[in-house]
Amino acid sequence: MLLDTLLGWFSTDMGIDLGTCTTLVCVRDKGIVLNEPSVVAVRKGTNIVLNNGEAVGLVAREMLGKTPGSISAIRPLKDGVISDFEITEAMLSYFIRKVHGKGGKLVRPRVVISVPSGITAVERRAVIDSAERAGARKVYLVDEPMAAGMGAGLPIIDPTASMIVDIGGGTTEVAIMSLGDIATCESIRIGGDDMDESIINHLKRTYNLLIGEMRAEKVKIQIGSAAPLEEELTMEVAGRDTISGLPRKIVITSEEIREALKEPVAAIIEAVSRTLEKAAPELAADLIDNGIHICGGGALLRGMDRVLANATGLRVEIVDDPLSAVAKGTSIYLDNLELLKETMDHSDYGWE
Ligand SMILES: Nc1ncnc2c1ncn2[C@@H]1O[C@H](COP(=O)(O)OP(=O)(O)OP(=O)(O)O)[C@@H](O)[C@H]1O
Ligand SMILES: [Mg+2]
């Protein structure tokens with residue numbers, strides 16, 4: 001116990017946004033110190049992480065989709081929650097060590113980790129266990145929309161409504177917050193990954209062209225949109241012909257990709273509308289002035305703000321730095337743990 005306390009002294013406490021696509025670590029006074037894909041490369045059929053436990057993050061992402069038979073690159077989170085416990089632990093442990101640099105094996109930091117608001121108690125427990133086994137001395141969980149609101153500088157503690165839509169890789173979190181708590185929320189397991197999947201399916205169906213996840217994501221970022229563009233775009237994309245089996249290149253347009261993205265985009269709009277319908281009248285009224293704030297990678301999809309504004313009649317704003325709002329928020333909570341206390345069921349969230 002004494003040793004534990006001593007090791008704590010030498011540890012840097014961290015705020016962690018453990019995302020389906022990306023993990024970010026934020027440290028007091030330093031800001032975001034780590035931003036890497038949530039990917040781990042292992043020897044196939046085992047949980048042995050390659051390169052002595054170091055094939056994690058950027059290194060492992062390079063291997064995704066290109067791995068030879070004996071290696072698999074795993075994304076241990078799916079739909080915002082841990083799907084592979086041991087690999088998540090290996091990943092967190094590597095990231096914690098990396099942030100600490102030399103002597104990282106001995107540190108015992110306190111960490112605040114963000115989790116989707118819709119996850120179960122068992123899923124929450126899994127995050128806490130993973131982080132503890134990865135070396136954390138104390139783990140606190142915060143709901144993602146609260147962290148996003150805090151990180152974006154919204155007045156979530158005040159007696160007025162703030163609304164956040166966080167469109168991540170695996171989940172979209174929609175929440176209306178007031179007085180430091182979530183008043184109404186909805187978490188759907190649809191996000192950027194589903195958009196990539198829709199693009200893959202479209203190309204397969206329309207052109208018999210097979211492309212990988214990374215290429216689909218490139219298409220989405222380069223020409224994807226949720227609403228018509230002033231100037232529509234085109235792009236060349238290469239893949240494998242499903243009939244001849246040979247490599248082939250085609251040119252695709254932003255119009256057809258928008259059509260392909262319709263379903264996930266519509267699901268996000270519906271979640272936002274449903275959340276607004278559930279809101280108490282007083283809070284709904286606040287939103288006429290305060291508007292909706294969107295963040296997460298999906299907020300960067302062209303026209304996403306416009307379609308949401310059209311559907312709701314409210315002002316929609318993309319927060320500054322939409323990809324790091326959650327991580328920044330976790331680190332603000334780290335400095336203000338008492339804010340978490342008020343809104344938490346202690347047994348669920350790691351309080352003693
Ligand atoms: N410019 C862009 N246009 C459209 N989508 C983008 C853009 N940039 C990133 N994305 C997408 O955003 C998603 C990643 O967002 P983010 O980092 O917020 O997710 P995450 O936090 O890892 O996931 P989750 O919160 O669901 O666990 C990916 O699907 C990525 O392709
Ligand atoms: Mg996220």
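Bear in mind that the values here come from a model prediction, so they are computed numbers and not experimental data. (Residues numbered from 1 in each chain as written. Chains lettered and ligands numbered in written order. Predicted model: local features only at pLDDT ≥ 70, side-chain atom pairs only at ≥ 80, totals over all residues. Heavy atoms only, no water.)

**Observations regarding the packing of helix H10 (residues 262-278) against helix H12 (residues 304-312)**
Argument step 1. Where H10 meets H12, the axes come as close as 10 Å, and the angle between the chain directions of the two elements is 40°. Taken together, the axis directions place H10 and H12 in an arrangement best described as oblique. You can see that H10 and H12 cross each other, and the crossing is right-handed. Counting all contacts with H10, which are made through Val265, Ile268, Ile269, Val272 and Leu276, the residues of H12 involved are Met304, Val307, Leu308, Ala311 and Thr312. (Axes fitted to C-alpha atoms, helices over the stretch in contact; angles between N-to-C directions. Helix = DSSP H or I, 4+ residues; strand = E, 2+ residues; numbered from the N terminus. Parallel < 35°, antiparallel > 145°, perpendicular 65-115°, else oblique. Left-handed = near helix turned anticlockwise from the far one by under 90°. Contact = heavy atoms within 4.5 Å.)

**Some details on the domain arrangement of the protein**
Argument step 1. Here the domain parsing of the protein yields domain 1 (2-37 + 77-147 + 326-349), domain 2 (39-74), domain 3 (162-190 + 268-320) and domain 4 (192-262).
Argument step 2. Contact residues are listed per partner, giving 16 residues for domain 1 and 14 residues for domain 3.
Argument step 3. Taken together, the two surfaces of domain 1 and domain 3 that pack against each other cover about 1200 Å², and 59% of this comes from carbon and sulfur.
Argument step 4. Between domain 1 and domain 3 we count one salt bridge in total.
Argument step 5. With its nearest N and O atoms 3.5 Å apart, the salt bridge here joins Glu123 to Arg189.
Argument step 6. For the side of domain 1 that touches domain 3, the leading source of residues is helix H6 (residues 144-151), giving three residues.
Argument step 7. Of the residues contributing to the side of domain 1 that touches domain 3, the split by class is seven nonpolar, five polar and four charged. (Domains from an automatic or database assignment. Buried area = accessible area lost by both parts, 1.4 Å probe. Salt bridge = Lys/Arg side-chain N within 4 Å of Asp/Glu carboxyl O. Nonpolar A, V, L, I, M, F, W, Y, C, P; charged D, E, K, R; others polar.)

**Focus on the sheet that holds strand S11 (residues 172-178)**
Argument step 1. Strand order in the open sheet made by the five strands is S12-S11-S10-S16-S17, with mixed pairing throughout. On the outer flanks of this sheet lie strand S12 (181-188) and strand S17 (316-318), each paired with one strand and no other. For this sheet, the mean inter-axis angle between neighbouring strands, taken without regard to orientation, is 20°.
Argument step 2. Sheet topology note: the S11/S12 ladder contains seven bridges and is antiparallel. Residue Ser178 lies in a different strand from S12, and its bridge partner there is Asp181.
Argument step 3. Against the sheet, H12 engages strand S10 (162-167), strand S16 (292-295) and S17, with an angle of about 160° to S17. (Pairing = 2+ DSSP bridges.)

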